[in-house]
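# Tertiary structure, described
Below are the chains, spelled out letter by letter.
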Amino acid sequence: MSERVEQMPTNPGSVGSAVGSVAVPTVEGGAPPPTDGERAGFSWKSYRGNLTNLRAYGMFGALVAIWVIFYLMTSEGAFISPRNLSNLARQSCITGILATGMTLIIVSGNIDLSVGSMVGLTGGVAAAVAVWFGQPLIVVLMVTLGLGLLLGLAQGYATAYLNIPSFIVTLAGLLVYRGMLKGLTSLRATEGGTTIGPVPDAFKVLGQRYLPQTFGWILAAVLIAAVLYGLFRQYARRRAEEPEMAKLPGTVGLGVLYTVAILAFVAVLNNYQGVPVPVLILAALAGLFAFIATRMAYGRRVYAVGGNAEAAHLSGIDVKRTALGVFVLMGVLSAVAGMVYTARVGSATADAGRNLELDAIASCVIGGTSLIGGRGTIPGALIGALIIASLDNGMSLMNVEDFYQDIIKGMILLTAVWIDVASKRK
């Protein structure tokens, strides 16, 4: 372990917050030494792992309950029709992409309120490059992703190196990016509206097209293989570290459950027009970022910084660079979501992406991400995004008034935070 004791950043709360008394890791990104409770036979790791599993089962059960309720309350079970489920999958993709990056932001002890406006701005720039300048899709992708990277870099630098709280930095970004989008869409405004479009058909592929059925089944096979590999690798690791906690029947049961769910999902979508391209984009990004979070040293640093910034600093982790990185990743993901959003709508508008930041944060919290940092999973955030999208979709089918929808979503978010707080007290 590095014994460096340099002075901590003057505003550590901007890049991570201490959560209780956390032991200093013995190596960078490694595990802390055993506590007194673990020496006495009690494993906090096992306790927290079980708590995480219970939350995962609870979220899955809540999603199933929501679907059953909407199935019973919509006309002729319209909620679970192949067409509506396909629409629901596309609806949840944009929120899911943002929630993937927001998970790392929140885990690191930060927050990003600007992602909705960033989605609108990057989507507007993508539409302008494609429509006004007639550039091919590859150029649109490069310009838009580059813009997202720069915006994330600016916000990360202000948070990590200028010691401005991320709440203030990204709140300013929310206003600045929204203003820039309004200015952009008004440059060539036509009478009666301020839009940029329609976008070319090649662009629409990102948000409106579907995979052939064969590719849908290939995608299902890849997802099943990845899930089963992860489950049994986790079982093998737990068997080596904590044999009493390794339950093969439970692992097999989860594998069967996930396999059936994926096959049913693809079968339903293929029964309509196929798996939407945005679902493929989300699956690829979620898999990549889950690997980064759980298998790469950078991911372990993010969790270490969010759990206890001081302990992470003393163990040799560059806290500032870690915080900068999560904002850069969030900027890139916002750019991807912006292109998918614009492609799905077919044009860029001045109010594009409005309130998406709230849905992304709510998805993470509902999925078990702790707002004080150090804990959260990308699969949990994706389930949270699906729950949010299911509520929006189902209540729209039932013609529920907008204000009731906001009230219900707000109460669900409050309940999720309360559960998180209560679990920490225990």
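As the structure is a prediction and not an experimental result, all values here were calculated from the model. (Residues numbered from 1 in each chain as written. Predicted model: local features only at pLDDT ≥ 70, side-chain atom pairs only at ≥ 80, totals over all residues. Heavy atoms only, no water.)

## With respect to the overall build of the protein chain
Summing up its helical and strand segments, the protein chain has 16 helices and two strands in all. Per-residue burial for the protein chain yields a buried fraction of 46% across its 426 residues. Long-range contacts, defined as pairs at least 24 residues apart, comprise 81% of the intrachain contacts of the protein chain with a sequence gap of at least 6. By element, 66% of the accessible surface of the protein chain is carried by carbon and sulfur atoms, the whole surface being about 20100 Å². (Helix = DSSP H or I, 4+ residues; strand = E, 2+ residues; numbered from the N terminus. Buried < 20%, exposed > 50% of the residue type's maximum accessible area, 1.4 Å probe, protein only. Contact = heavy atoms within 4.5 Å. Areas by Shrake-Rupley, 256 points an atom, 1.4 Å probe, with all protein chains shown as cover.)

## Focus: the layout of surface pockets
It is the rolling of a water-molecule-sized probe over the atoms that shows where space remains empty. Space inside the second largest pocket adds up to approximately 630 Å³. In this structure, the second largest pocket is lined by 22 residues; those nearest its centre are Asn355, Leu356, Asp359, Asp392 and Lys409. Those elements giving two or more residues to the lining of the second largest pocket turn out to be α3 (82-107), α13 (319-345), α14 (356-366), α15 (378-397) and α16 (402-425). Class assignment of the residues belonging to the lining of the second largest pocket gives a composition of nine nonpolar, seven polar and six charged. (1 Å grid on protein atoms, 1.4 Å probe; cavity = no way out; pocket = protein on both sides within 12 Å on 5 of 7 lines; lining within 4 Å. Points joined across faces, edges and corners; volume = space filled by probe spheres on them. Nonpolar A, V, L, I, M, F, W, Y, C, P; charged D, E, K, R; others polar.)

## Points about the side chain of Ser334
Position of Ser334 among the secondary structure elements: in helix α13. Since its relative accessible area comes to 0%, Ser334 is described here as buried. A polar contact of 2.9 Å, which involves the side chain of Ser334, links it to the backbone oxygen of Met330. Each residue touching Ser334, except ones within four places of it in the same chain, is listed here: Leu98, Val115, Met118, Val119 and Thr122. (Polar contact = N/O pair within 3.5 Å; in protein donor to acceptor, adjacent residues only side chain to side chain.)

## Comments concerning the side chain of Thr322
Mapped onto the elements of the fold, Thr322 is located in helix α13. Here Thr322 is in contact with Tyr298, Arg301, Val302, Val305 and Ile317, once residues within four sequence places are set aside.

## Comments concerning the environment of Val279
Structurally, Val279 can be placed in helix α10 (residues 277-295). A C-alpha to C-alpha distance of 9.3 Å links Val279 and Gly207, two positions 72 residues apart in sequence.

## Description of the packing of aromatic side chains
Under the definition given, this model contains five aromatic pairs. Geometrically, the ring pair formed by Phe70 and Phe79 is tilted, given 5.3 Å between the ring centres and 40 degrees between the ring planes. Accessibility classification places Phe70 together with Phe79 in one group, the buried group. Measuring from ring centre to ring centre gives 6.2 Å for Tyr210 and Tyr272, while their planes differ by 80 degrees; the resulting arrangement is edge-to-face. With a gap of 62 residues between them, Tyr210 in the loop between α7 (201-208) and α8 (213-241) and Tyr272 in the loop between α9 (248-270) and α10 connect regions that are remote in the sequence. By relative accessible area, Tyr210 is classed as partly exposed at 22%. (Phe/Tyr/Trp six-rings, centres within 6.5 Å; stacked < 30°, edge-to-face > 60°.)

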